There are 2 protein chains.
Amino acid sequence: MGETRARRREGGGRAGRAARPADVAAPAILTRQIPTYELMGEEGLAAIEDAADQILQEIGIDFRGDEEALRLWREAGADVQGERVRFPRGLVRGIIQASTPRQFKQHARNPERTVIIGGDHVVFSPAYGSPFVRDLDGGRRYGTLEDFEAFVKLAYASPWLNHSGGTICEPVDIPVSTRHLDMVYAHLRYSDKPFMGSVTIPERAADSIAMAKLAFGEDFVDQNCVILGNINVNSPLVYDSAMTGALRAYAAANQCTVVVPFILGGAMGPVTTTGAIAQALAEAMVGVALTQLVRPGAPVIFGNFLSSMSLKSGAPTFGMPEPTLGYMVVGQLARRLGAPLRLGGSLTASKVADAQSAQESSDSLMASMLSGANFILHAAGWLEGGLTMGYEKFIIDCDHVGMMHVLMKGLATDDNALALDAFREVGVGKHFLGCAHTLSNYRTAFYDAEMADNDSFEQWAEAGSLSSEARAARRCKEILAAYEAPPIDPAVDEALREFVARRKADLPEAWY
Amino acid sequence: MGETRARRREGGGRAGRAARPADVAAPAILTRQIPTYELMGEEGLAAIEDAADQILQEIGIDFRGDEEALRLWREAGADVQGERVRFPRGLVRGIIQASTPRQFKQHARNPERTVIIGGDHVVFSPAYGSPFVRDLDGGRRYGTLEDFEAFVKLAYASPWLNHSGGTICEPVDIPVSTRHLDMVYAHLRYSDKPFMGSVTIPERAADSIAMAKLAFGEDFVDQNCVILGNINVNSPLVYDSAMTGALRAYAAANQCTVVVPFILGGAMGPVTTTGAIAQALAEAMVGVALTQLVRPGAPVIFGNFLSSMSLKSGAPTFGMPEPTLGYMVVGQLARRLGAPLRLGGSLTASKVADAQSAQESSDSLMASMLSGANFILHAAGWLEGGLTMGYEKFIIDCDHVGMMHVLMKGLATDDNALALDAFREVGVGKHFLGCAHTLSNYRTAFYDAEMADNDSFEQWAEAGSLSSEARAARRCKEILAAYEAPPIDPAVDEALREFVARRKADLPEAWY
């Protein structure tokens, strides 16, 4: 027998003819109303924290080429020998817990789009950092400024992403020396959602912050977070001066850094997931604590990025069960630490928006959600282990993020939700399609997935038998064609353009 | 910056050259070692249980055309008026809790493949009940006995499915009147994993059980569960005689029934998910209790199948956030009841094994896992809302089920897992590829996903730029070509063939 009654009903009844709401924009401030998943018990969590403390105390972390960071650690009571810093037990955790905000606002150019990061709040941000882009028509190619701007526009148009992201793709057609200026300008001009600035070297971090000051005002920026910088640790156990320089620049300006160990188990860390988690905890805690040494109370996010490895080739793999489990434990550790958490996103090793990409991305995103992540980078577009930003993948992922909006709301249990009146009205053996309870709840009952094809096979075949990737390609073009830039104060726009032009004139052109 | 360091390493180092284990067959008895996810608090759960009690007491359930079921309910103390049965508060739950086994063995023809259903154990079974099949070469077409046998072989060959399923697809090229005989024979002949029998009418249930007795011995079958029957409720609030007749036949023979309300919210139940859950609880409890009235202690599974609805067309949708949340609550309710639980599986409305199919299936399967499901039907192959069984989808889903095997093991926190010795060996800023800890843990560190392509873009392009669907099509043919039937006692095979031939001669040929 089974569920073959799941056949399509022709016409769909009265409720079936209800139109989709024209504008389904979600609020910028998203609040998780469901519990986190608690994978590991107290004993295991304490063992991992102890291992992290042991790593910090016995082995330590190198701060390479950054005298100021070494000075800050020495003054804080760490044991500094050359560039190696070792940390007495409890020092790092104590620094973090003394001043790190549990949640903070990141202000958007449009105040209605300001987000809260930390606590029970969730921010979804596009993928970050890929040199290539891909679409069905053009295949895989190097990213350009035009691609970058297109993705800023797509993220702006998405009702489900509440963040504009950072280096959504690398615009490799423009010089690396001034690329950050064009990227920050694009975020400020083509979107009004909160965004991320450059971190590649401290001067570019400073430029990003300077542009934010032009948009938000100098005093406002000193007192409020308006920009994020994503800082990767050089795992295992190394911070280089480019990264700590950018971190210090952001923290000194009271802007947020996301501190992210990127550990491919078996390469940049031990091959056992639990060991990689202990390392990630040690590395991220030190970066988070450094922001607090620079400026106590500066906003900061505890980040994590775990990858597993293919046994066949040694290549990194994504969306696999080991990082999924890892995220769940990292979520628990971050809550014990009391810091806002960045996790995974829609990760995959696949080259195209196929079943592999969706399977890996779904498990990865679901784990991020249930693990209590506050800032989900790479929520949309990621392909090929982060080497490629996919247009179709972006559209499909955004729809999936919309599902996560519903998931995080949980289920109501009031009288209307329990629907006893509906049973009284309908009785036994009859359908609920036209009953009063259905009509009054229909429009809000279910997530209306934009990219899911729920038509009959015959309807789907008549429409061209399109895969979801092909449908996403079409939808992507529609969104870009309908895009309208948000308004901007002409004086601010002029000031930003002048700044970009002046810095481009000052900076020597460099391509790598 | 971001995670673009996720570039492929050429060669893969020493660890990268380790071969994949030739045989990765998992044990038949799978035990969940991770906690369940507790979505809803006590108050909400109690409100849903109260609503279910209210439905049972005030509105009641029809048992249509089954005098024996009505007699059993009357004797148990229910209020029976014509075919309508109303249940005093606590009656149904009390019957269930008095005798329902919390877990039981379902014996396989090969004792090494016997499974445990209930408690902390998990069984993965193929999809069930679709009239159509699909592969990349032939597209979508009606299923045949050849297709049915092929899927039995594929399920047998999978190291991750520990169950052979039931009506994996409908073999519509053979008469419906005798189809069940060929299906049960195929499960017994082409696999040695546990399987499901026919439920469409009570006589076919009896035939299925008779064939099981030929394979296992009459006395053994009376004392042990060797066959499952999947019984769908005619939601809302109706059991028909075909279903309750089959249910009574299985229970009387001490065989297991899976009692499954199939509720498309807004059609066969209220449009609010919480109301549909209350209905599902009421309906399933009554069916489970009926098995215990027939034969106290008979094995039975509390089943659930929730679907949401497209706001555009009224069509059923799958893998959406509302059923995901629903599964989580149903898991909590089943644990409070103390009955083994069947949930979802890899559900999707997609017509092909594309990104939509994988996204919907992944969320659905992950929810089933974290909700504590013991028996996961539709774990592999489901397409098009259950109308189609897909060859490529089956292969991709099986690989995903393998990931769930890893997930349910959780993470170790012993000294080897914490890897402090590895940090001592490797130190700061060096890679872990060749260290002793990596070499000794490498082969068991990560799930080796068969269908995930983790090659470089260039390698993938050279190999034909195949999507995961295309790779699955190729892999499917390889598996079927390498298939070897498990051994069977020739006397048992002969007895089964004789039974099938005799019943075919007795039964009038019918095609619908």
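The name that an unreviewed UniProt entry assigns to chain A is Methyltransferase, with the source organism given as Limibacillus halophilus. The record in UniProt for chain A states the following under Sequence similarities (unreviewed entry): "Belongs to the trimethylamine methyltransferase family."

## Notes on the overall build of chain A
Counting its regular elements, chain A contains 19 helices and 20 strands. A compact globule built from 512 residues would reach a C-alpha radius of gyration of about 24 Å, and chain A, at 24 Å, matches this within 12%. Considering only C-alpha atoms, chain A reaches an extent of 80 × 55 × 50 Å along its principal axes. Of all 512 residues assigned to chain A, the portion counted as buried reaches 68%.

## So, the sheet that holds strand S12 (residues 238–240) of chain B
Residue and element names in this part refer to chain B. The 4 strands are arranged S3-S4-S2-S12 in an open sheet whose pairing can be described as mixed. Whereas interior strands pair on both sides, the edge strands pair on one side only; in this sheet they are strand S3 (79–81) and S12. The sheet shows a mean angle of 25 degrees between the axes of neighbouring strands, direction not considered. Direction of pairing for strand S2 (residues 61–64) relative to strand S4 (residues 84–86): antiparallel, over a ladder of 2 bridges.

## Regarding the pairing of strand S14 (residues 300–303) of chain B
Residues and elements named next belong to chain B. The two faces of S14 match: Val300 and Phe302 on one face and Ile301 and Gly303 on the other face are all buried. Bridge count for strand S13 (residues 256–264) against S14 is 3 bridges, and the pairing is parallel. Paired with valine 259 across the bridge in S14 is phenylalanine 302. Where the polypeptide runs from S13 across helix H10 (residues 273–294) and back to S14, its parallel neighbour, the crossover connection is right-handed.

## Quick look at helix H10 (residues 273–294) of chain A
For H10 of chain A, built from 22 residues, the straight-helix expectation of 32 Å at 1.5 Å per residue is met to within 8% by its first-to-last C-alpha distance of 32 Å. With 20 of 22 residues buried, H10 of chain A is to be regarded as a mostly interior element.

## Quick look at the nonpolar core
If you look at the biggest cluster of nonpolar residues, it comprises 355 residues, and the most contacted ones within it are Trp73 of chain A together with Trp73 of chain B. Residue contacts for tryptophan 73 of chain B: discarding those within four places in its chain leaves Phe63, Ala78, Val80, Val85, Phe87, Leu91, Val92, Ile95, Val286, Ala289, Leu290 and Leu293 of chain B.

## Things to note about the packing of aromatic side chains
In this structure the tally under the stated criterion is 31 aromatic pairs over all chains. Ring geometry for phenylalanine 423 of chain A and phenylalanine 432 of chain A: centres 5.6 Å apart, planes at 80 degrees, overall edge-to-face. Across the pair, exposure class does not vary: phenylalanine 423 of chain A and phenylalanine 432 of chain A are buried alike. Members of the aromatic cluster, each reached through a chain of ring pairs, are Phe63, Trp73, Phe87 and Tyr239 of chain A. One residue, lysine 153 of chain B, lies across the ring of tyrosine 190 of chain B, its end atom 5.0 Å from the ring centre.

## Let's talk about the pattern of salt bridges
Residues and elements named next belong to chain A. Here the structure, examined in full by the defined rule, presents 62 salt bridges over all chains. When the shortest N-O distance is used, the salt bridge between arginine 71 and glutamate 75 registers 2.7 Å. One end of the pair, arginine 71, and the other, glutamate 75, are both in helix H3 (residues 67–76), 4 residues apart, so they sit about a helical turn from each other. Exposure remark for glutamate 75: the relative accessible area of 61% places this residue in the exposed category.

## Some remarks on the sheet that holds strand S4 (residues 84–86) of chain A
Residues and elements named next belong to chain A. Read from one edge of the open sheet, 4 strands run S3-S4-S2-S12, paired in mixed fashion. A single partner strand is all that each edge strand has here, and the edge strands are strand S3 (79–81) and strand S12 (238–240). Direction aside, the axes of adjacent strands within the sheet are offset by 25 degrees on average. Looking at chain direction, strand S2 (residues 61–64) and S12 are connected through 3 bridges and run parallel. Bridge pairing in S12 places aspartate 62 opposite valine 238. The strands that H10 touches are S2 and S12; relative to S2, the one it contacts most, it runs at about 45 degrees.

## Comments concerning the interface of chain A and chain B
On the chain B side, the residues contacting the 155 residues of chain A number 154 residues. Of the roughly 12,800 Å² buried between chain A and chain B on both sides combined, carbon and sulfur atoms contribute 65%. The interface formed by chain A and chain B contains 8 salt bridges. Of the charged contacts in the structure, one is a salt bridge between glutamate 58 of chain B and arginine 424 of chain A, with a shortest N-O distance of 2.6 Å. Counting across the chain A and chain B interface gives 41 residue pairs in polar contact (both at pLDDT 80 or more). For the side of chain A that touches chain B, the leading source of residues is helix H12 (residues 355–370) of chain A, giving 9 residues. Considered class by class, the residues forming the side of chain A that touches chain B number 74 nonpolar, 52 polar and 29 charged.

The rules behind the values
Residues numbered from 1 in each chain as written. Chains lettered and ligands numbered in written order. Predicted model: local features only at pLDDT ≥ 70, side-chain atom pairs only at ≥ 80, totals over all residues. Heavy atoms only, no water. UniProt positions renumbered as here; feature names shortened; annotations may be inferred. Helix = DSSP H or I, 4+ residues; strand = E, 2+ residues; numbered from the N terminus. Rg over C-alpha atoms; globule rule 2.2 N^0.38 Å. Buried < 20%, exposed > 50% of the residue type's maximum accessible area, 1.4 Å probe, protein only. Pairing = 2+ DSSP bridges. Axes fitted to C-alpha atoms, helices over the stretch in contact; angles between N-to-C directions. Right-handed = clockwise from strand over helix to strand, strands pointing away. Expected span 1.5 Å × (residues − 1). Core = buried A, V, L, I, M, F, W, Y, C linked by side-chain atoms within 4.5 Å. Contact = heavy atoms within 4.5 Å. Phe/Tyr/Trp six-rings, centres within 6.5 Å; stacked < 30°, edge-to-face > 60°. Lys NZ or Arg CZ within 6 Å of the ring centre and 35° of its normal. Salt bridge = Lys/Arg side-chain N within 4 Å of Asp/Glu carboxyl O. Buried area = accessible area lost by both parts, 1.4 Å probe. Polar contact = N/O pair within 3.5 Å; in protein donor to acceptor, adjacent residues only side chain to side chain. Nonpolar A, V, L, I, M, F, W, Y, C, P; charged D, E, K, R; others polar.

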